[in-house]
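Here is what each chain is made of, one letter per residue.
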Amino acid sequence: MTQSTTQPWISGEAFVWAAAVKIVVVFTIVMVLVAMWTLVERKVCGWMQNRLGPNRVGPWGLLQPAADGLKNIFKEETLPPFAEKGLFVLAPMLSFVPALMTFSVLPMAAPVPTRWGLVSTAIADIPVGFLFILAISSLGVYGIALAGWASNNKYALLGGLRASAQLISYEIGMGLAAVAVLLLGGNITPAEIIARQQAGTWFVGPLFVAFFVFLVAAFAETNRLPFDLPEAESELIAGYHTEYSAMKFSLFFIAEYANMLTASALVVTLFFGGWDIPFVARDNAAPWSVAKTAATAVAFWSKTLFFYFLYIWVRWTLPRFRFDQLMDLGWKVLLPLMLAYVMIEAVAIAALENAGITGRSQDLALTGLNVALGVVVFFVLDRGRHVGGAAVRARPYWQRLARARQGAEGGGGD
Amino acid sequence: MAITVKVMKRPERESSYVRAALRGMSLTFKHLFQKPWTMQYPEERSSAEWSISGRWRGTHRMAVDENGKAKCVACGLCPQVCPANCIKLIPGEDEQGNRYPLVYEIDEFRCVFCGYCQEVCPEEAIHVGVHFENSEYSREGFVYDLERLMKQTHPVSSLWDPSDPKGE
């Protein structure tokens with residue numbers, strides 16, 4: 001467990017009850033946030049386009065999620081006669097459940113002291129937490145791929161295939177970015193990774209490039225713009241959920257938002273110190289109190305909600321990638337970049353540890369290295385050759401052709 | 001001749017996806033705090049910046065004379081000129097030999113709101129109006145009879161005047 005304290009950890013029957021309470025609390029928080037964020041999404045979209053956004057249902061449109069939910073419950077559930085019935089019904093659940101499950105291993109605040117002992121704020125504080133996250137988050141694509149296949153509709157199938165192709169490509173970049181975190185954290189338990197960040201600095205500094213790649217991959221994994229190719233409405237109608245209606249469609253929608261929330265919480269846990277309050281050391285040490293739990297919970301959720309907001313912000317700023325551009329970015333940019341980055345980081349960490357530099361000074365040294373690497377990545381490697389796809393590959397050919405023609409026409413300039 | 005491809009000269013050294021994306025995000029963030037440009041329609045129907053044009057051609061209106069009767073003399077010009085064939089007119093004649101419409105119906109659903117009926121009318125009886133809120137629950141509801149056309153109160157369209165093309 002996180003720190004050795006005089007307060008004993010909860011055990012026995014009380015542990016089971018505590019886990020049940022935690023499940024209810026976390027489920028409620030996640031569902032309420034998901035519901036509110038469907039409204040926030042539309043509100044922020046409105047403001048960014050100099051509109052008001054939904055403002056009819058309740059004060060400032062606050063009851064809009066309730067109205068949407070009611071509407072979806074009362075709408076007709078269509079079951080296409082040509083669909084593979086069993087999987088068609090199963091697919092929304094398959095995408096909804098993993099979206100919620102990932103949340104169970106993330107600690108959301110300092111441990112809560114109770115009469116029966118300390119209670120960890122992660123539902124399941126399992127030692128292999130990070131592997132669990134990687135495993136479960138990849139399961140979500142089964143729901144999407146099966147929805148696309150079971151619909152027996154060409155657009156839905158294309159959407160499902162795109163989702164699986166995209167997820168595989170970006171899982172690698174994401175996994176390698178996580179490897180960098182594990183190198184520095186030295187552990188795969190989320191609570192330990194947070195404790196390491198509390199002792200040193202947040203990993204966003206020492207692992208800035210990994211953070212950026214992780215963020216980009218998280219956008220791709222949650223199928224959000226600019227990577228929402230699986231549902232690309234301009235090409236695929238609605239992609240994998242073309243044939244879905246009413247609550248089944250709504251489940252996909254909830255799953256998407258729950259996935260975004262999970263990815264935000266994950267970014268915060270891995271790179272922004274989890275529930276750590278910056279520049280304060282007292283919040284991460286015993287004795288634990290309810291006030292500390294409340295303060296750290298505020299810290300965790302405000303950080304998480306910022307990234308949750310970032311999803312919306314990016315969505316209403318950037319246009320969608322073309323599919324070949326998406327694959328180019330995943331395989332030709334992020335994968336080699338992260339392979340090189342992990343090697344550089346590993347060498348740097350090993351060298352620093354051999355030199356006896358650990359803890360905060362190690363983090364500072366790595367931050368310096370990452371600033372240098374960041375400059376190289378964003379100001380040198382990013383130039384010109386970015387995500388051009390087929391057009392960029394073809395450009396030298398057309399340029400050669402144009403030059404040859406100009407030469408044949410006697411070099412006449414226009 | 002072979003297909004020619006114009007190769008654009010783009011400053012490749014200066015282009016960068018990440019920095020361009022960040023610039024775009026700062027722009028959208030600024031828009032978050034700007035005032036909305038929209039008009040809140042059902043509550044607010046016109047403002048200093050925008051009001052409906054006097055030349056708007058909308059829901060029809062039949063002009064009424066001092067005796068409360070329709071000005072229409074059932075000459076038959078409007079059904080003749082109507083490109084959408086949406087005006088139904090059955091003329092009648094009274095004891096003095098004055099023609100009047102026995103049946104005068106306009107199907108607002110078929111109408112293309114060209115305003116020819118108003119232009120062609122010798123008695124200035126039928127008009128298109130400065131009005132657009134005509135929703136109905138059934139298609140039949142869009143067939144306006146003479147009585148309903150006479151009851152309309154919205155201002156009539158001034159139409160386009162060739163001598164004053166910009167409406168000044």
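How each quantity is defined
- Numbers given for residues are sequential positions, taken from 1 along each chain in its written order.
- Lettering of chains starts at A and numbering of ligands starts at 1, both following the order in which they are written.
- With pLDDT at 70 or above as the cut-off, local features in this predicted model cover only qualifying residues; side-chain atom pairs require 80 or more to be listed or tallied, and sums for whole chains, interfaces and linings still use all residues.
- A run of DSSP states H or I qualifies as a helix once it reaches four residues; a run of E qualifies as a strand once it reaches two. Both are numbered from the N-terminal end.
- Throughout, radius of gyration means the C-alpha value; the globule benchmark is 2.2 Å times the number of residues raised to the power 0.38.
- Three exposure classes are used, based on other C-beta atoms lying within 10 Å of a residue's own C-beta, which is placed from the backbone: buried for 20 or more, exposed for 12 or fewer, and partly exposed in between.
- Any two residues are considered in contact once their C-beta atoms, placed from the backbone, lie within 7 Å.
- Geometry is summarised by axes, namely lines fitted to C-alpha atoms with helices restricted to the contacting stretch, and by angles between N-to-C directions that run from 0 to 180 degrees.
- The cut-offs work like this: below 35 degrees is roughly parallel, past 145 is roughly antiparallel, 65 to 115 is roughly perpendicular, and the gaps in between are oblique.
- Throughout, a crossing is termed right-handed when the near helix is turned clockwise from the far one, and left-handed when it is turned anticlockwise from it by less than a right angle.
- Think of it as three bins: nonpolar holds Ala, Val, Leu, Ile, Met, Phe, Trp, Tyr, Cys and Pro, charged holds Asp, Glu, Lys and Arg, and polar takes everything else, Gly as well.

Caption draft 1: Structural view of the overall build of chain A. Along chain A, the regular secondary structure elements total 13 helices and two strands. Rg of the C-alpha trace for chain A: 24 Å, near the compact-globule value of 22 Å for 414 residues, within the 12% margin. A principal-axis box enclosing the C-alpha atoms of chain A has dimensions of 90 × 65 × 40 Å. Looking at chain A as a whole, 44% of its 414 residues qualify as buried. Long-range contacts, defined here as pairs at least 24 residues apart, represent 78% of the contacts in chain A between residues at least 6 apart.

Caption draft 2: Focus on the overall build of chain B. Counting its regular elements, chain B contains four helices and five strands. When the helices and strands of chain B are listed from N to C terminus, the series reads α-β-α-β-β-α-β-β-α. Sorting the 168 residues of chain B into buried and exposed places 20% on the buried side. Partitioning the contacts of chain B with sequence separation of at least 6, the portion at a separation of at least 24 is 73%.

Caption draft 3: Summary view of the environment of Arg61 of chain B. All names here are of chain B. Its location among the elements puts Arg61 in strand 1 (residues 58–62). Here Arg61 falls in the buried class, since 25 other C-beta atoms lie within 10 Å of it. If near-sequence neighbours (up to four positions away) are discounted, Arg61 is found in contact with His127, Gly129, Leu149, Gln152, His154 and Val156.

Caption draft 4: A look at the environment of Ile136 of chain A. All names here are of chain A. With respect to the helices, strands and loops of the structure, Ile136 is situated in helix 4 (residues 129–150). Of the residues examined, Ile136 has 19 C-beta atoms within 10 Å and is grouped as partly exposed. Not counting residues up to four positions away in its chain, the partners in contact with Ile136 are Pro98, Met101 and Thr102.

Caption draft 5: The packing of helix 7 (residues 208–221) of chain A against helix 9 (residues 246–271) of chain A, seen in detail. All names here are of chain A. Remark: helix 7 packs on helix 9, axes separated minimally by 10 Å, with the N-to-C direction vectors making an angle of 165 degrees. Relative to helix 9, the element helix 7 is oriented roughly antiparallel. Helix 9 is crossed by helix 7, and the crossing has right-handed handedness. In this structure, helix 7 contributes Phe211, Phe214, Leu215, Ala218 and Glu221 to the contact, and helix 9 contributes Ala263, Val267, Leu270 and Phe271. Of the residues that constitute the contact of helix 7 with helix 9, the class distribution is eight nonpolar, no polar and one charged.

Caption draft 6: Molecular detail of unusual backbone geometry. All names here are of chain A. The phi dihedral of Asn50 is positive, around 55 degrees, even though this residue is not glycine. Its place among the elements puts Asn50 in the loop between helix 1 (13–48) and helix 2 (64–74). On the neighbour-count criterion, Asn50 (13 C-beta atoms within 10 Å) is partly exposed.

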